[in-house]
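Reading the structure
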Amino acid sequence: MKKIKKGDDVIILTGKNKGQTGQVLSVLSNSKVLVENINIVKKHQKGNPNTGQEGGIIEKEMPVHISNVMLLNPLTNKGDKVGIKKLEDGKKVRFFKSNNEVVDI
């Protein structure tokens, strides 16, 4: 079970976007996550008239390494460590280590 999933609210720990929060758009297979409105870069893109794609300078989100983000605890509004535990019915859930509050409902 992964500790960060698509749709989670995370806080950035390092880099130019340190302290900013955003929602995870996708978790990539190479230990990177794509976070909404974080790590925006300008990319020069060549147009393609066959597909109707315009050229020019576009802004897009680039992936951030998963070790540079932390799950946001809504109660404290700060980043928090996450653990995994089994419930009595055998279901695995994520929980915040500071207050043992369950993340998955």
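Conventions and cut-offs
Residues numbered from 1 in each chain as written. Predicted model: local features only at pLDDT ≥ 70, side-chain atom pairs only at ≥ 80, totals over all residues. Heavy atoms only, no water. Pairing = 2+ DSSP bridges. Helix = DSSP H or I, 4+ residues; strand = E, 2+ residues; numbered from the N terminus. Buried < 20%, exposed > 50% of the residue type's maximum accessible area, 1.4 Å probe, protein only. Polar contact = N/O pair within 3.5 Å; in protein donor to acceptor, adjacent residues only side chain to side chain.

A short note on the sheet that holds strand S6 (residues 64-65)
The six strands lie next to each other as S6-S3-S2-S1-S7-S8, forming an open sheet whose pairing is antiparallel. Across the chains shown, the open sheet's two edge strands, defined by having one partner strand only, are S6 and strand S8 (78-79). Where strand S1 (residues 9-12) meets strand S2 (residues 21-28), three bridges bridge the pair, whose relative direction is antiparallel. Each bridged residue has a counterpart across the sheet, and for aspartate 9 the counterpart in S2 is glutamine 23.

Examining the side chain of aspartate 8
Here aspartate 8 lies in the segment before S1. Classification of aspartate 8 by relative accessible area gives buried; the value is 11%. At 2.7 Å, the side chain of aspartate 8 forms a polar contact with the side chain of arginine 94.

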